[in-house]
Amino acid sequence: MKKPLHHLLYVQVLAAIALGALFGWLAPEIAAADWVKALGDGFVKLIKMAIAPIIFCTVVSGVSHIEDAKKVGRVGVKALLYFEIVSTFALAIGLLVGNLLQPGAGFAGKPDAAAVAKYTEAAARHSGVDFLLDIIPESAIGAFAKGDILQVLLFSLLFGFALLSLGEKGRPMRHWVDDAGHAMFALIGIVMKAAPIGAFGAMAYTVGKYGSAALLSLGGLIGAFYLTSALFVAIVLGVIAAAVGFNIFRFLAYLKNELLIVLGTSSSESALPALMEKLQRLGCSQSVVGLVVPMGYSFNLDGTNIYMTLTSLFIARAMGVELDFAHQATILVVAMLTSKGASGVSGAGFVTLAATLTAVDPSLAPGMSFVLGIDKFMSECRALTNFIGNGVATIVVSAWEGELDREKLAVELAPSSDPC
């Protein structure tokens, strides 16, 4: 029996987003209050409290049940290779559209160095060596307490290999981890019922706090960014999906609940557990999902890559600086590195942008103040593109490994199927 429309989660979230935007527009002073912000923040925190245990259970279960220990390293290498190739496309398409549309040309504004000082300082402090050391938690409990995805992933891999080495002695613990994983996904099912409240609060606060004035003043950049991201998903990810054997638009329809939650909360992490569950339902193996999805959240940031190249060109033009081919090539190479180095840092999007601009031309860094007011509106698109890219990546690596159940994939993505 088909559910009534108002019982469907994606309908509830969509209505909540619309009502939140309307509330923020009509009553900005009330919408910008702390209690409204707390609705969105509270929901995201509820999801985040379960992310570390879910990654732990999924990775440990996947690793401890495999017979070939080399498979973990093989999957990791394939995932990183895919991430680098697709990230390059994301960076390149950002540069291409930036040169064609030329956002920032004729922009009248004065950069404020003080407004972006904390981001440039964070970028200067966070080196590649720091990033590598930060992957290792000071303690196992600390990794879970901080909720650092890469730290949890490292501990989970080691724990999974330990269980694998125990053989039959590790069977009771493997069963316990499997059961704990099912319980955590059930917990997420309960928390997701609060998604409309979280989406309402997050959208109302964003519109009330930053207002439509910021949207109008820098609408060209926002429009160019959304257009570029849409082109990337439809063309680049669409071609990749077709090569693997599925339709990108049916995949997006399958994830409509999660995409709306990401849109409402501006956080791709808010739908991470649901993404992992749905990818397994699509026929991806548990071990591949457990490895690729957490890795992708740190190494496969397609939306962030587009944002960095496009925004770098915008800032340069707004400040009257013409970047030649050599400078733009430098942006592409530097952004490829900085997008990984600042992963997990507070305000990572702005930290990576600061590191990129500083490497290309330090005089451009103060121009980041131009986009501070609209960054919240752009973060939604960044999160959506990152989320979609990681879903496609997991299916690709599963197919690459020969661990994609194509029959399940076809059935789940059939037009008549309803994943809700």
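All values derive from a computational prediction rather than experimental measurement.

### Comments concerning the side chain of S87
- When you line up the elements, S87 lands in helix α4 (residues 70–101).
- At 3.4 Å, the side chain of S87 forms a polar contact with the side chain of N305.

### Description of unusual backbone geometry
- The phi torsion at Q102 lies on the positive side, around 50°, for a residue other than glycine.
- In this structure, Q102 sits in the loop between α4 and α5 (117–125).
- Using a relative accessible area of 42% as the deciding quantity, one classes Q102 as partly exposed.

### A word on the nonpolar core
- Core analysis: the largest hydrophobic core is formed by 115 residues, its most contacted members being L237, V392 and I395.
- Dropping the residues within four chain positions of it, L237 is found in contact with Y82, V86, F232, I248, I388, G389 and V392.

### Description of empty space enclosed by the protein
- One pass over the full model with this rule turns up one cavity of 30 Å³ or more.
- In this structure, the largest cavity encloses a volume near 40 Å³.
- For the lining of the largest cavity, the element with the highest residue contribution is helix α16 (residues 302–318), accounting for three residues.
- Residues of the lining of the largest cavity, tallied by class, amount to four nonpolar, one polar and two charged.

### Thoughts on the environment of E380
- With respect to the helices and strands, the residue E380 is situated in helix α19 (residues 375–400).
- Other than its neighbours up to four places away in sequence, E380 contacts M203, T206, Y226, L263 and S266.

### Section: α4
- End to end, α4 covers 47 Å across 32 residues, agreeing with the expected 46 Å (1.5 Å per residue, within 8%).
- In the stretch just after α4, Q102 is the one whose phi turns positive, near 50°.

### Considerations on the packing of aromatic side chains
- If you walk through the whole model with that rule in mind, you get 10 aromatic pairs.
- For the pair F155 and F159, a centre-to-centre distance of 6.0 Å together with 40° between the ring planes defines the contact as tilted. Here F155 pairs with F159, and both are found in helix α8 (residues 149–166), just four residues apart, close to one helical turn.
- Through successive ring pairs, a cluster of aromatic residues spans F56, F144, F155 and F159.
- Sitting over the ring of Y205, K37 keeps its end group 5.8 Å from the ring centre.
- The ring of Y307 carries the charged tip of R382 above its face, separated from the ring centre by 4.3 Å.

### Observations regarding the confidence of the model for the protein
- Scored by pLDDT, the protein has a mean of 83; 86% of the residues are at 70 or more.
- Here α5 stands out as the least confident element of the protein, with mean pLDDT 59; helix α12 (residues 248–254) is the most confident, with 96.
- Predicted confidence for residues 341–346 stays below pLDDT 50, and this span has 12 contacts to residues more than four positions away or in other chains.

### Some remarks on the side chain of E258
- On the secondary structure map, E258 appears in helix α13 (residues 256–265).
- Residue classification places E258 among the buried positions, given a relative accessible area of 4%.
- Those residues within four positions of E258 in sequence are excluded, and the remaining contacts are A271, A274, K278 and F387.

### Some words on the pattern of salt bridges
- Counted by the stated rule, this structure contains six salt bridges.
- Here R171 ties to E168 by a salt bridge, and the two come within 2.7 Å at their closest N and O atoms.
- Overall, the relative accessible area of 37% leaves R171 in the partly exposed class.
- The class of E168 is exposed, set by a relative accessible area of 55%.
- Counted as one network, the salt bridges with shared partners bring together R74, K78 and E401.

### Here's the deal with helix α14 (residues 272–281)
- Most of α14 is tucked away, with seven of its 10 residues classed as buried.
- Immediately downstream of α14, the backbone of G283 shows phi near 110°, a positive value.

### A short note on the packing of helix α3 (residues 34–64) against α14
- Where α3 meets α14, the closest approach of the two axes is 9 Å, and the angle between their N-to-C directions is 35°. Residues I47, I51, I54, I55 and T58 of α3 lie in contact with α14, whose contacting residues are L272, P273, M276 and Q280.
- Tallied by class, residues from the contact of α3 with α14 come to seven nonpolar, two polar and no charged.

Parameters at a glance
- What you see as residue numbers is a count from 1 along each chain, following the sequence as written.
- With pLDDT at 70 or above as the cut-off, local features in this predicted model cover only qualifying residues; side-chain atom pairs require 80 or more to be listed or tallied, and sums for whole chains, interfaces and linings still use all residues.
- To get the side-chain values, take all heavy atoms of the structure and skip hydrogens and water.
- Labels follow the DSSP assignment, with helices taken as runs of H or I lasting at least four residues and strands as runs of E lasting at least two, numbered in each case from the N terminus.
- Between N or O atoms, a polar contact is any pair within 3.5 Å; within protein, one atom must be a potential hydrogen donor and the other a potential acceptor, and residues adjacent in sequence are included only when both atoms are from side chains.
- Type-normalised accessible area, obtained with a 1.4 Å probe on protein chains alone, sets the label of each residue: buried when under 20%, exposed when over 50%, and partly exposed for intermediate values.
- Only buried Ala, Val, Leu, Ile, Met, Phe, Trp, Tyr and Cys residues count toward a nonpolar core, and they belong to the same one when joined by side-chain atoms within 4.5 Å.
- Between two residues, a contact is recorded if the distance between any of their heavy atoms is within 4.5 Å.
- Using a 1 Å grid laid over the protein atoms alone, points where a 1.4 Å probe fits but cannot get out form a cavity; open sets with protein on both sides within 12 Å along at least 5 of 7 lines form a pocket; any residue with an atom within 4 Å of a point counts as lining.
- Grid points are joined across faces, edges and corners, and a volume is the space filled by probe spheres set on the points.
- Residue polarity is assigned by list, with Asp, Glu, Lys and Arg as charged and Ala, Val, Leu, Ile, Met, Phe, Trp, Tyr, Cys and Pro as nonpolar; anything else, Gly included, falls into the polar class.
- The span expected for a helix works out to 1.5 Å for each residue beyond the first.
- Any two rings among Phe, Tyr and Trp, with Trp reduced to its six-membered ring, count as a pair given centres within 6.5 Å; such a pair is stacked if its planes are under 30 degrees apart, edge-to-face if over 60, and tilted if neither.
- In our convention, an over-ring charge means Lys NZ or Arg CZ found within 6 Å of a ring centre and within 35 degrees of that ring's normal.
- Confidence per residue, as judged by the predictor, is encoded in pLDDT with a range of 0 to 100.
- Basic side-chain nitrogens of Lys or Arg form a salt bridge, by our definition, when they fall within 4 Å of a carboxyl oxygen of Asp or Glu.
- For helices, the fitted axis covers only the stretch in contact; all axes are lines through C-alpha atoms, and the angles between them, taken along N-to-C directions, range from 0 to 180 degrees.

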